[in-house]
Amino acid sequence: MKIDLFAIVVDDYDEAIGFFVGVLGFDLVEDSPSLTNDGRPKRWVVVRPPGAETGVLLARADGERQAMAVGNQVAGRVGFFLRVDDFDAAYRRMVAADVEFVTSPRSEPYGQVAVFVDIAGNRWDLLGPA
């Protein structure tokens, strides 16, 4: 058993692809036309960090309830965790790309960490080796 995908609700497919692929360096695994349960057009967009098994389904908000969840999918907590081999290089690259960090890097028993927000406003931990 494994987690294959998890969804992040976003405002716009292309802006989200630009962030996850262009800024974070994820791979665009799939971008296919699809339909909502009631037959309206949508896209099936999956991104994944290079070499990772678990992907992120970028799901455009559909309706007011979903639009209210953009950027608040885990009630303002850090809900996503991006582990990198070279923390300092990843941090510098992300800062240079204007990624918003809401904490400065710090050392914890489990490694280096800094909190950043994604294109939708969700909080992520950037994690590196101790």
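Everything below is about the structure shown above.
Described in the following lines is the structure provided in the data block. What you see is a predicted model, and the numbers here were worked out from it, not measured in a lab.

Cut-offs used in this document
- Residues numbered from 1 in each chain as written.
- Predicted model: local features only at pLDDT ≥ 70, side-chain atom pairs only at ≥ 80, totals over all residues.
- Heavy atoms only, no water.
- Pairing = 2+ DSSP bridges.
- Helix = DSSP H or I, 4+ residues; strand = E, 2+ residues; numbered from the N terminus.
- Axes fitted to C-alpha atoms, helices over the stretch in contact; angles between N-to-C directions.
- Contact = heavy atoms within 4.5 Å.
- Salt bridge = Lys/Arg side-chain N within 4 Å of Asp/Glu carboxyl O.
- Buried < 20%, exposed > 50% of the residue type's maximum accessible area, 1.4 Å probe, protein only.
- Core = buried A, V, L, I, M, F, W, Y, C linked by side-chain atoms within 4.5 Å.
- Phe/Tyr/Trp six-rings, centres within 6.5 Å; stacked < 30°, edge-to-face > 60°.

So, on to the sheet that holds strand β2 (residues 27-35). Overall, mixed pairing links the 4 strands, which are arranged β1-β4-β3-β2 in an open sheet. Sheet topology places β1 (5-10) and β2 at the edges, where each strand pairs with a single neighbour. When strand polarity is set aside, the average angle formed by the axes of neighbouring strands in this sheet is 25°. Looking at chain direction, strand β3 (residues 41-48) and strand β4 (residues 55-60) are connected through 3 bridges and run antiparallel. Note that in β4 the partner of valine 45 across the bridge is leucine 58. The sheet strands contacting helix α1 (residues 13-23) are β1, β2, β3 and β4, and the helix crosses β3 at an angle near 5°.

Turning our eyes to something else, we now look at the pattern of salt bridges. In the structure shown here, the tally under the stated rule is 6 salt bridges. Residues lysine 2 and glutamate 53 are paired through a salt bridge, measuring 3.4 Å at the closest nitrogen-oxygen approach. Linking lysine 2 in the segment before β1 with glutamate 53 in the loop between β3 and β4, this pair joins segments that are 51 residues apart in sequence. Given a relative accessible area of 57%, lysine 2 falls into the exposed group. Glutamate 53 sits in the exposed class, given a relative accessible area of 55%.

With that out of the way, let us pick up the pairing of β4. The side chains of a regular strand alternate between both faces of the sheet. When β1 meets β4, the two strands line up parallel, connected through 6 bridges. Of the residues in β4, the one forming a bridge with isoleucine 8 is leucine 58. Adjacent in sequence and paired antiparallel, β3 and β4 are bridged by 6 residues, among which glycine 51 carries a positive phi angle near 80°.

Residues Phe20, Leu24, Phe26, Leu58, Phe116, Trp124 and Leu126 are the most contacted members of the largest nonpolar core, which totals 30 residues. Per-element tally for this core: the top contributor is α1, with 6 residues. When neighbours within four sequence positions are excluded, phenylalanine 20 is seen to be in contact with Ile8, Gly25, Phe26, Val47, Leu58, Asp118, Ile119 and Trp124.

Moving on, we get to the packing of aromatic side chains. For the structure on display, the rule yields 9 aromatic pairs. Where phenylalanine 19 meets phenylalanine 20, the ring centres are 5.3 Å apart and the plane angle is 90°; that geometry is what we call edge-to-face. Given the relative accessible area of 0%, phenylalanine 20 is considered buried. Arranged with centres 5.1 Å apart and planes meeting at 35°, the rings of phenylalanine 80 and tryptophan 124 form a pair that is tilted. Of this pair, phenylalanine 80 sits in strand β5 (residues 78-83) while tryptophan 124 sits in strand β8 (residues 123-128), placing them 44 residues apart in sequence. The class for phenylalanine 80 is buried, based on a relative accessible area of 9%. For tryptophan 124, a relative accessible area of 3% puts it in the buried group. An aromatic cluster of at least three residues, connected via ring pairs, comprises Phe6, Phe19, Phe20, Phe26, Phe80, Phe87, Tyr91, Phe101, Phe116 and Trp124.

This part takes up unusual backbone geometry. In this structure, alanine 75 is a non-glycine residue whose phi angle is positive, near 55°. Note on placement: alanine 75 falls in the loop between α2 (64-69) and β5. The exposure class assigned to alanine 75 is exposed, which follows from its relative accessible area of 64%. In this structure, aspartate 98 takes a positive phi of about 65° despite not being glycine.

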